[in-house]
Amino acid sequence: MASYTPAQYHLNSTQTALALVVPQHLQSEINSLRKLHDKAYHKWEPHINILYPFVHPSLLTSAMSTLRSSFPSPGGPIKITLNHVGSFKHRRNATIFLKPGKESEDEICDLRRKLVQVLGVDEREGTVDGTFRPHMTVGQAGFIGGGVERLTEMVEKITGIEWTGTRLVALKRGVDGVMSEVNELVFEDELEENSGAGEFPPDYAGWRNCFEIHANDGWVELAGDRRVVSPTTAARLKDITILSYNLMVETNASPFPTRLPLIINAISSATSSSTSPLKVVCLQEVSNESLPLLLSDPFIQGEYPYSTHSTTSLLTSHRNLVTLSSQPFTSYVLQFPERHKSSLIIKTLCQDIVIANVHLPSALTDESVNLKKEHMELLSDFLNSKIKEESKVFIAGDFNLTSSPSTIQTALINNLIKPATAKLAAQVICTTVWEDTYLRFEGGNITEEEIESGAGATFDRSGNPLAGVSSKNPVDDTPQRYDRILCRKTPRNDIRVENFERFGFPDEEGECGSDHYGVCATMTIHTDTETTEESMTSATRSTNLNRAIQFSEDNTDITPLISHLLPTEKDKEQRKSALTLLQNTLRASDNLKNVILAPLGSYAMDTYFKDSDMDLLAIGSVAPNSFFDLAVVQLNGIRDGEDGNDGVKAVHFVNSLVPIIEVVVGGVKVDLQYCQTEEFVHRYHSTKPAPSLQDLAFNPSIIKALPASCLRPLNTYRDTAFLIHTNPYPSSFRASHRYLSLYLRTAGLYSAKFGYLGGIHLSLMLSRVMKLLSPSTNTPSPASIIRAFFDYYANFDFKNEIVSDPSQEGEIKRGDRKETEPVFIRSIHTPTARLNVAGSCTKLSCHLIISSFSQASKQLQAGNWDALIQAPSVAATKFLNNYGAYIKITLDIWDIDELGGAKIRQIVGALESKFVRLLVSLGRIEGIRAQVWPARFFTPPSPSSSSSNSTTELKGHYLVGIEPHEGVSKDQKGILSGKITTAVSSFEREVRESRDFGEGGNCWVEMAVLGRKKVGELGVVLDGREWGSVSDTPRLEREMGEESADDGAGTHVNATSSPPSSPKPKTNSATTTSKSKPHHHKNSPSSPLRPAQDILSRIRWDPELNVDDFLVGYEDRFVGVKEVELSQWKGESTHEEFIPLHRVVWVRRKGRVDKKGGREGGGDIREGVKVWDRRARVDWIFGSGVGLAKIFAAPEPDAKKRRHYLAAVLLAIRPQNNGNDSSQLGRETFLCPVKWENGWPIFNRRQKISTVGKGRGLHTRMLGMMWEETFPGNGLSLGWYHRCTLIKRIYSVENQGTLRLYGGPYTLREADTMSLLLRRQISLNASCMATLDFNPQRIHEEAGIVVWWSQFSHMSLSIRMCAKDFRKRELVLQSPTGANDAFVEITAKIETSGPVLLKATVTSKLYTFSYSIGDSQQSED
């Protein structure tokens, strides 16, 4: 890696920053404001920038190393206090920020002064006016309407934030604009304690003290000495009463002061008979008006002296959550993604009781039901992962869930919701985790008739006068049970609902305090001594989980059964050679010269077979993206040897959950992962002798300093090393592992992708068994271990227990496992890509594994060891006879030469990854067993059949065996058959509609349910063909260089262009076969649909369009699409009638088009039509979305008929190779005549659009075949354009007929304004030449020519300073041909000075760059 001197750093990049980030536990209140007012909320955490802009991303690692090695101690951590509010005023709005106090500001400024001194830059660099002003942005507000004043007032309520800064965080902007932490600078004198966490333990970081009422001071934050509750009080808390009440914030309701007495009386009556020492009231829809009135009420202050808010607390929205309690607590705000939506969670200090206050989205629509489900899942995940398992957890609030079945049916009839939404509404509350206290109290015996009549209803338009005038627009007037209190289920079932009641009914005068009735539940919590017999049984089972496994001695020699598949000495040497070649090849790159390769999986544990893959982990210091780019380039540079086994056969980068490179080296297939850790690499290479990888991987100082992103891939090696070095019987483990893996293959259970077991699953399961074996004087034989393995897991309670290493039992938490995971096999070290390595297992898979292991155990008891291991073809044949019916899933891919290997692999992988979903759907059908065979079948062609399609088509089948349980009647079988057919049809539709199978038109998926006899008639056998084995990765001769960008000097250019001799276009050798299958049109001229904001702005500001002529159709939450005048559309979020733009469905022009095509009231042809439609992807304003044509009057009129001819402008793509290939020119503009017939436009006389055509009223213009830019001195000729709007002038035309370009700080890969002049390619075969006179003065200066598609896809040939010899120049060819479309550089040194002729030539789809210096000429494709 190159080193940099301080003089080379410049603070000019907005892609990086060095900042003080607010600790997590202090972010909640800040983010409650930022979420509503800060446009950068989703891109930045709350922070104070110290250096922003910072250094270029390519220099970030070097800059941090420089700071870390040279930064003097600042005298300990910095105490930061944000106790002032300030603002930066802009033209139309202002930025409101929190400002540190004088002492904190001086310390921060002094810190920045030291940093810039170390980097060798001017202290004023990176500032607006030369002055650094530390601040933390909270939001932006407009000057109109008092927005600035209102936001300033809200920010003042959160002043006083304090924490101690112990580190600076280096942030880097991702492709999505989000600034992510990539490095850190820790102060030398760190605090011994987490000063930011206050008094809370780590699990509760982010929790705040509650407010307590004082007689003299009012509501003040609970002091530390008041947080301790006496043991007597804690012991009495067996009973708890929880209330939930929506207070109603509606403009048409009575003023809150008049309703307050009714609300207080309702709450008082609900708890009048309760003797619970702990009473909690969860309130929804509390406003700035009602909060101080509530907290000032004597009843509230006396009965509920603890509150989440004070009278002056910040309320961020119109409808807020507030919780009151009779006992002290801490609180936490869980923010949901949507604005104004969150959950307010409290945890009592006297006992582990947690209560979440929620208010889910209202209405019965597809969108709102999905949001309810999403919010409940987020809340459940938080409570299950962050709250201790022994804690009692409750959720109370307004769930807005429609409880009436008739209302759901009405919504379906009126097309307000989809059938899937109706099902989802019943699944919002997961009944396996949460129990409804109302249903529990009623014994669960609530009939549908009782629900329809209003049993338990809390929103009743007929009985509650305020509900009748509420602005809520329900589907019908049926009473609904919106408000609920839920309780998290416990293993011991130790929570009993003693009472449940509703309150807030109309008084004698018929008045209510709210449009909702409240709910109140009183519960009793049993102590440990009151556990039931069931919970005792559960506890006993848990205690016995790790008891020793008794096993029977079995001396059967299993070696003959596996010896023929064991690796020979030649195989072992082949793997060693491949590993050496791979490591040497990677280290040949300067940036990868220190990379370390660590073995993983079966290769590391020595449990592999002859044909096994070799899993490796590369450990290096470069970023992961850079490693994969560099590695692909290096591996493609290996040339195949003469014997065909000494080089690389294929290199594929797989960007999956765990990114890997698949490569065949020396005949061995290798899966290469990567981990970035500089300290690991440094210690390995700097320590003599080199420490072992195991010592470094388990070094606490290294592991503790690694971020999760680096530790996650390293843990794959740590898991392997742990299994190896904690194994009590290594030799027996290896033999047992090999036998069991062969058995799993025979049984069709060896494939994690299909929902079964893989190598890591088997290793973890086998390791557990071996560690739990009862002590023995002799080493257990492999046969004894195998029998113990089958016996143990055949009787294992997978539903309730977790397969983990025995040393980890105490570390397993409730939130580790989801209810939807039938099998849980826990990884050893965290964090990891998957905590449950068996996350893809389904209920059917679990049943199959248990039954198969049980049968295997019986076979081994009878001594039939060889019966469990059979050849793959024999095992597949057995599968084809095991089931009465099969689901046949046929995949057909044609034109395979055109698609290429990468696309074929993508299609196959996409289909196979979906099989787990099918098994999940089948698992919901009670009464069947099913198994998918984890391999593909095909019907081999008969000798007499034609094989003309064998080279252009691939066709195979996947089979899922289905069998009803024993004892199922004939009628029941018919019902099961119907359910299976429905599940298969739904899965087929899902697959066909997915992107991988809906685009391109070169593949087809078909499914059917067949009987065993029909499958036998197909004559299928295992498919041994390699689908997609063709290597599509291009070979690049050079390694990648470093990115560079800086200010550049002037550049002199002479440009000429001429067409080449007419080369023949490139064609595919494959023959296209006609097929009677649905065939999607390839390369349809479509583009991303322009957003509604662009359409509305264009109509408002375009002088040719009248805003009064248009209507906006938006999606109303209750009645569907409604229209409003565009002139009356409210775009300000603060306006009462504001409607979010994502709800805009269409924009329509007023009027209508008659049947003859005439216009009513004049105007143009588009009257009465939707000029923009989000659902149909139609855009008549900009022409985005699906292919459109704009019809207009031709310039020359028809004199006889006194009307204009019609013509159309449209976007289209010029096909190549008889329509099989698209054009790299993309969408081009074409013109054609239009005639109106029977109310429909007829384009180009029903003929195909051609490049040259005729039409009345249209001129014919011939394009010149030769173009030359001479730069006459009066500017550029027509046809030149810029990448984006220029901030300053980037060129000048000089007298001598040359063009001078002025450099800028941005590269071609950035979205900012760059020094770039473009001219559109209009010919499929052309060349462009430019004479470039450029002598770079600095290493980052660069100039040249480019073939441009976008900032992510372009190729350039340019000149820059040679990185290894500053006195010389070098040519660099940059192209996006690396892994995952990364840019790759190929360089060539220029030995002479003077101008260089650069040339780009295109023939069909091939671009060739060449250059000439004097009489020499070179080229690169």
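Going by the structure above, here's the rest.
Let me begin by describing the structure that accompanies this report. (Residues numbered from 1 in each chain as written. Predicted model: local features only at pLDDT ≥ 70, side-chain atom pairs only at ≥ 80, totals over all residues. Heavy atoms only, no water.)

Description of the nonpolar core
If you look at soluble globular proteins, the nonpolar side chains tend to sit buried side by side. For clarity, the threshold we go by: Side-chain atoms within 4.5 Å link the members of a nonpolar core, which is a set of buried Ala, Val, Leu, Ile, Met, Phe, Trp, Tyr and Cys residues. In this scheme, a residue with accessible area under 20% of its type's maximum is buried, one over 50% is exposed, and one in between is partly exposed, where area comes from a 1.4 Å probe on protein chains only. Helix and strand assignments follow DSSP, with helices taken as H or I runs no shorter than four residues and strands as E runs no shorter than two, numbered in order from the N terminus. It only takes one pair of heavy atoms within 4.5 Å for two residues to be counted as in contact.
Phe789, Phe790, Tyr793, Phe853, Ile889 and Leu922 are the most contacted members of the largest nonpolar core, which totals 102 residues. Of all the elements, helix 26 (residues 782-794) adds the most residues to this core, at 9 residues. Once residues within four sequence positions are removed from consideration, Tyr793 is found in contact with Met765, Arg768, Val769, Phe798, Val803, Ile850 and Phe853. Core analysis: the second largest hydrophobic core is formed by 48 residues, Ile48, Leu51, Leu67 and Leu115 among them.

Let's talk about the environment of Val1021
Relative to the assigned elements, Val1021 resides in strand 34 (residues 1021-1022). In the structure, Val1021 is positioned 82 residues away from Thr939 in sequence and 6.4 Å away in space, judged by C-alpha atoms. Those residues within four positions of Val1021 in sequence are excluded, and the remaining contacts are Arg936, Phe937, Phe938 and Pro940.

Let's talk about helix 10 (residues 405-413)
Which entries qualify depends on this criterion: Our arc is simply the arc of the directions from the helix axis toward the C-beta atoms.
Those residues of helix 10 that sit buried are Thr407, Ile408 and Ala411. One side of helix 10 carries all its buried residues, which in axial view fall inside an arc of 100 degrees. On its buried face, helix 10 sits against helix 11 (419-425). Trailing helix 10 by a residue or two, Asn415 shows a phi angle of about 60 degrees, which is positive.

Let's talk about the packing of aromatic side chains
The condition that has to hold: Here a pair means two rings of Phe, Tyr or Trp (six-membered ring of Trp) with centres within 6.5 Å. Their orientation is stacked below 30 degrees between planes, edge-to-face above 60, and tilted elsewhere.
If you walk through the whole model with that rule in mind, you get 34 aromatic pairs. For the pair Phe789 and Phe853, a centre-to-centre distance of 5.6 Å together with 55 degrees between the ring planes defines the contact as tilted. Residue Phe789 is located in helix 26, and its partner Phe853 is located in helix 27 (residues 843-861); the two are separated by 64 residues in the primary sequence. Here Phe789 and Phe853 have matching classes, each one buried. Among the aromatic residues, ring-to-ring pairing joins Tyr743, Phe789, Phe790, Tyr792, Tyr793, Phe796, Phe798 and Phe853 into one connected group.

Considerations on the environment of Gly1028
Its place among the elements puts Gly1028 in the loop between strand 34 and strand 35 (1051-1058). Judged by relative accessible area, Gly1028 falls into the buried class, the value being 8%. Separated by 127 residues in the primary sequence, Gly1028 and Gly901 place their C-alpha atoms 3.8 Å from one another. Setting aside its immediate chain neighbours within four residues, Gly1028 contacts Gly901, Ile904 and Arg905.

What to know about the packing of helix 25 (residues 759-772) against helix 26
To be explicit about the condition: Axes here refer to lines fitted to C-alpha atoms; in helices the fit is confined to the stretch in contact. Angles between the N-to-C directions go from 0 to 180 degrees. What sets the label is the angle itself: under 35 degrees gives roughly parallel, over 145 gives roughly antiparallel, 65 to 115 gives roughly perpendicular, and the rest give oblique. Residue classes follow a fixed rule: Ala, Val, Leu, Ile, Met, Phe, Trp, Tyr, Cys and Pro count as nonpolar, while Asp, Glu, Lys and Arg count as charged, and any other residue, Gly among them, counts as polar.
Remark: helix 25 packs on helix 26, axes separated minimally by 10 Å, with the N-to-C direction vectors making an angle of 105 degrees. What the angle tells us is that helix 25 and helix 26 run roughly perpendicular. Contacts between helix 25 and helix 26 involve Leu762, Met765, Leu766, Arg768, Val769, Met770 and Leu772 on the former and, on the latter, Ile785, Ala788, Phe789, Tyr792 and Tyr793. For the contact of helix 25 with helix 26, the residue count by class is 11 nonpolar, no polar and 1 charged.

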